[in-house]
4 protein chains.
Amino acid sequence: MNKREVPSLVKDEKLVKKRRDQMIKGAVKLFKEKGFHRTTTREIAKEAGFSIGTLYEYIRKKEDILYLVCDAIYDEVHEKLEKAIDRDKVTLESLEDALVAYFHVMDEMQDEVMVMYQESKSLSKEALPYVLKKEEEMVEIFIEMLSQLVQEKQLDLDEKEIQLISHQIVVQGQMWSFRRWGLKHLYTLEEFIEKQNRLIFKGILPEQ
Amino acid sequence: MNKREVPSLVKDEKLVKKRRDQMIKGAVKLFKEKGFHRTTTREIAKEAGFSIGTLYEYIRKKEDILYLVCDAIYDEVHEKLEKAIDRDKVTLESLEDALVAYFHVMDEMQDEVMVMYQESKSLSKEALPYVLKKEEEMVEIFIEMLSQLVQEKQLDLDEKEIQLISHQIVVQGQMWSFRRWGLKHLYTLEEFIEKQNRLIFKGILPEQ
Amino acid sequence: MNKREVPSLVKDEKLVKKRRDQMIKGAVKLFKEKGFHRTTTREIAKEAGFSIGTLYEYIRKKEDILYLVCDAIYDEVHEKLEKAIDRDKVTLESLEDALVAYFHVMDEMQDEVMVMYQESKSLSKEALPYVLKKEEEMVEIFIEMLSQLVQEKQLDLDEKEIQLISHQIVVQGQMWSFRRWGLKHLYTLEEFIEKQNRLIFKGILPEQ
Amino acid sequence: MNKREVPSLVKDEKLVKKRRDQMIKGAVKLFKEKGFHRTTTREIAKEAGFSIGTLYEYIRKKEDILYLVCDAIYDEVHEKLEKAIDRDKVTLESLEDALVAYFHVMDEMQDEVMVMYQESKSLSKEALPYVLKKEEEMVEIFIEMLSQLVQEKQLDLDEKEIQLISHQIVVQGQMWSFRRWGLKHLYTLEEFIEKQNRLIFKGILPEQ
DNA sequence: AATGAATGAGAGTTCATTCAT
DNA sequence: CATGAATGAACTCTCATTCAT
């Protein structure tokens, strides 16, 4: 369930990866501008640098592109996040590092994040769960960190609180993406991060 | 800028309102199920109980329907919220009441909220600002309340903090809509509200 | 099972009949010339005298046109045949009349018959049985006549013989359509009929 | 006119024959299942065991495959028939043998026969005559046999009758192929042959 | 001689919008 | 005011054919 293979007529896996990367890049750009439904497969092919025929050598249906895009975005977010944090030794400081890293990633990938949020519901009943799964894994990262901190008595939260807060963290990162119009003129990214972190820690640290 | 008139060929304003209400009701139902793009104007007309020809007596383009829908949703949320709170005499208690009211509205209108979030970017460059304006007004409600509380020295927050927190409140309400899959099995609405309120107050109350 | 309704978006049944007749007429002409697969829906619409959009108001899929064509052809053959014969009072003479009528119909509708024979296998699994049923009904007409004659002791054939001969009659009529290249330069229709009838009667009359 | 060369880029004739045989075998199988138009060149190549590129080394256009298939089928029918009969010494008995052989061949090659009948009209104006010629040759076999028998006064038929009956024989063999649905549940092949032969002989033998 | 990735014309189908009734 | 038949631009997807390797 962790991956859903999108079949390709082309056998050479290297090439498949290359072409799909071109495709995804072009698609993200177009989806950002006009959304999934307003973007035509021909435009995607053109933006990717090949013909419509070639496009369909690498996917079966237009929806596959959306799936690949969502998949790629999450993978990238995931990867960047994992790189930034050390899951083995969790401290309050490393939690803060993780938050900083997460907010930075969300800033860098603003457009991609918006695309996913606005278009994922266009995925079919079959593909959607795979994308939601990815999203869940993101929440999971924070759940794990918080759980460890609780175990080590650095925080005092029950299971349900951990989950709620983790969701909240993830959502607050997304907020930076889809509320730029309301936030960007007030805060720089750095200020926003600092403020958010302070609020989050206020929420979780035991009141003394 | 507060309203954008959608022109109608029909002059009788009462009738226009009636037909548009039918239309909006049908459209929301369909948009919930299949999204804006997958819903056809024919389907909307049918669901509304009149013919496609009649539909086009009351709007110019399909997008007008989306605008009317978004407009109606915000109006309803707004109205319910205003009804629940007393903006004249703000206390920490009435802030809490407002939060409770807000979360309840977001719960009742889950589907509508999702529709707006996922489809509003399908609005044209001209219509979008009007919808964003509505959204801003929602944030405004909380900004005002918080500002008053600050003025009355019940809270100690600067202007930017007020805005950030107001955005956060609004987003957290929306979170209940578009994260049901992750939250509903953990919390009842009441528990969720209680938890959220505690966290919000923790965030804003001065540490003693 | 006797009819398979092809759904139409247009409600007015008279209009549906009229438009479909135009459509069928155009389609038969084109199918004759280039076959079902080589004929485009656009060509059919044009030949029928309306736009591609209108075409699709009266059918759901291209295949529906083929079904309507096959259906119409059989109906016409059937009708002409029923008109020519009196099923109540069967004599050897009226059997001969029926044969003459049948061969005439097959001559008049040569092209249509060819279309059906060469294209019916393009029908879907669902539609094909309905067309085969029609064909069977044609065979049935002769089975009934022969059966009556046997009952009245005018002929001496068992059940299986009756069926085989009926099939043979039907096939021989079709032969005139799809073997014109080999037969037309030898026989006029009248000669062909006369010869065929003589052969058929030789085959079924008891040897004296 | 007896053969129409389909040009090949490959010079080695042995190889050409081998590859085309593979191709024909695969194509017949696929055409049986889904018809000429629904079968793609890719599928044919795959079924034949080589790549699409290789396929086009041995033909110029998809239609060539259909021509080769029709050609091959007739060749096979022809060959089997010639093997079964002795054209030099024709008697009423050997005519019967020929009929038996012919019906057997038609039974063995049912699917192939259907393919030819339903797809040959997809051949181009240039290729069709070559295929019809083959068909004519089949009729010719019976014309020759009957003519000899007439010459030897074993039968009394004029030229036109001979031709009609020959056509009829050929058609009746085909009938066994494309009317299985109506005949197979009534007759075994052996019964069918016996019945048909009796009818044919009744038709041609002088009434005593 | 064999491969298979690339191509793009062209097919079927949909659907927002119009307009005569 | 209401209707719904008519329109055709535009979309997704297919597949015969080519050609560099």
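Since this is a predicted model, take the numbers as computed values, not measurements.

> Account for the overall build of chain A, naming residues and giving values.
When its secondary structure is counted, chain A shows 10 helices and zero strands. If you list the helices and strands of chain A from N to C, you get α-α-α-α-α-α-α-α-α-α. Here the C-alpha coordinates of chain A stretch approximately 65 × 40 × 30 Å along the principal axes. Counting across all 208 residues of chain A, residues that qualify as buried make up 55%. Within chain A, counting contacts between residues at least 6 apart in sequence, those at least 24 apart form 75% of the total. Approximately 9900 Å² of chain A is accessible, and the part contributed by carbon and sulfur atoms is 51%. For chain A, the separation between the mean place of its 34 positive charges and that of its 40 negative charges on side chains is 8 Å.

> Explain the protein's contact with DNA strand F residue by residue, including any values.
Tyr56(A), Tyr58(B), Arg19(C), Arg42(C) and Tyr58(C) are the nearest of the 40 residues found near DNA strand F. The sugar-phosphate portion of DNA strand F accounts for 64% of its atoms within 4 Å of the protein, the bases making up the rest. Taking Arg19(C), its side chain carries an N or O atom lying 2.4 Å from a phosphate oxygen of DNA strand F. In this structure, Thr54(C) approaches DNA strand F through a side-chain N or O atom, which is 2.7 Å from a phosphate oxygen. Secondary structure elements with two or more residues in the surface near DNA strand F: helix H2 (41-48) and helix H3 (52-58) of chain A, helix H1 (13-38) and helix H3 (52-58) of chain B, helix H1 (13-38) and helix H3 (52-58) of chain C together with helix H2 (41-48) and helix H3 (52-58) of chain D. At five residues, the largest contribution of residues to the surface near DNA strand F is made by H3(C). The residue inventory of the surface near DNA strand F, partitioned by class, reads 15 nonpolar, 12 polar and 13 charged.

> Give a description of the interface of chain A and chain B that names residues and reports values.
Each partner contributes to the interface: chain A provides 40 residues, whereas chain B provides 40 residues. Between chain A and chain B lies a buried interface of about 3900 Å² when both sides are counted; carbon and sulfur atoms form 58% of it. Of all residues in chain A, Leu164(A), Arg179(A) and Lys202(A) bury the most surface against chain B, accounting for 16% of the area lost on that side. Summed over the shared surface of chain A and chain B, the number is eight salt bridges.

> Just give me the short version of the UniProt feature "coiled-coil region" (unreviewed entry) in chain A, but keep the residues and values in it.
Feature annotation in UniProt assigns "coiled-coil region" (unreviewed entry) to the following positions: residues 78-163 of chain A. Secondary structure content for residues 78-163 of chain A is 73% helix and 0% strand, while the C-alpha to C-alpha distance between its ends is 18 Å.

> Residue-level account of the arrangement of the chains, with values.
Structurally, chain A and chain C remain out of contact, their C-alpha atoms never closer than 20 Å. Note that chain B does not reach chain D: the shortest distance linking a C-alpha of one to a C-alpha of the other is 30 Å.

> An account of the relation of the copies chain A and chain B is needed here, citing residue identities and associated values.
Once chain A has been moved 0.0 Å along the axis and rotated by 179°, it coincides with chain B to within an RMSD of 0.2 Å. Expressed as an axis order, the relation between the two copies is that of a two-fold axis. For chain A, the minimum C-alpha distance to the rotation axis belongs to Gln118(A) and amounts to 2.4 Å. Interface overlap between copies: 100% of the residues of chain A at the interface are likewise at the interface in chain B, consistent with a symmetric, same-surface contact.

> Can you break down the packing of helix H5 (residues 92-108) of chain A against helix H10 (residues 189-204) of chain A residue by residue, with the values?
All names here are of chain A. Contact pair H5 / H10: the axes reach a minimum separation of 10 Å and the direction vectors enclose 140°. The pairing of H5 with H10 is recorded here as oblique in orientation. Where H5 crosses over H10, the handedness of that crossing is right-handed. Within the contact between the two elements, H5 uses Leu92, Leu95, Glu96, Leu99, Val100, Phe103, His104 and Asp107 and H10 uses Leu189, Glu190, Phe192, Ile193, Gln196, Asn197, Ile200, Phe201 and Ile204. Across the contact of H5 with H10, the residue classes break down as 11 nonpolar, three polar and three charged.

> Just give me the short version of the pattern of salt bridges, but keep the residues and values in it.
The final tally for this structure, using the stated rule, is 72 salt bridges over all chains. For Asp71(A), the salt bridge identified is with Lys134(A), shortest N-O distance 2.8 Å. Highlighted residues: Asp71(A) in helix H4 (residues 62-84) and Lys134(A) in helix H7 (residues 128-151), separated in sequence by 63 residues. Lys134(A) carries the same exposure label as Asp71(A), and that label is buried. Across the pair Lys80(C) and Glu108(C) runs a salt bridge whose closest N-O atoms are separated by 2.8 Å. Of this pair, Lys80(C) sits in helix H4 (residues 62-84) while Glu108(C) sits in helix H5 (residues 92-108); the two residues are 28 residues apart in sequence, bridging distant segments of the chain. Classification of Lys80(C) as partly exposed rests on a relative accessible area of 31%. Several salt bridges converge on common partners, so that one network encompasses Lys32(B), Asp111(B), Glu112(B) and Arg180(B).

Cut-off values and rules
Residues numbered from 1 in each chain as written. Chains lettered and ligands numbered in written order. Predicted model: local features only at pLDDT ≥ 70, side-chain atom pairs only at ≥ 80, totals over all residues. Heavy atoms only, no water. Helix = DSSP H or I, 4+ residues; strand = E, 2+ residues; numbered from the N terminus. Buried < 20%, exposed > 50% of the residue type's maximum accessible area, 1.4 Å probe, protein only. Contact = heavy atoms within 4.5 Å. Areas by Shrake-Rupley, 256 points an atom, 1.4 Å probe, with all protein chains shown as cover. Lys, Arg positive; Asp, Glu negative; His and termini not counted. Charge placed at Lys NZ, Arg CZ, Asp CG, Glu CD. Near = heavy atom within 4 Å. Polar contact = N/O pair within 3.5 Å; in protein donor to acceptor, adjacent residues only side chain to side chain. Nonpolar A, V, L, I, M, F, W, Y, C, P; charged D, E, K, R; others polar. Buried area = accessible area lost by both parts, 1.4 Å probe. Salt bridge = Lys/Arg side-chain N within 4 Å of Asp/Glu carboxyl O. UniProt positions renumbered as here; feature names shortened; annotations may be inferred. Least-squares fit on C-alpha atoms with pLDDT ≥ 70 in both. Axes fitted to C-alpha atoms, helices over the stretch in contact; angles between N-to-C directions. Parallel < 35°, antiparallel > 145°, perpendicular 65-115°, else oblique. Left-handed = near helix turned anticlockwise from the far one by under 90°.

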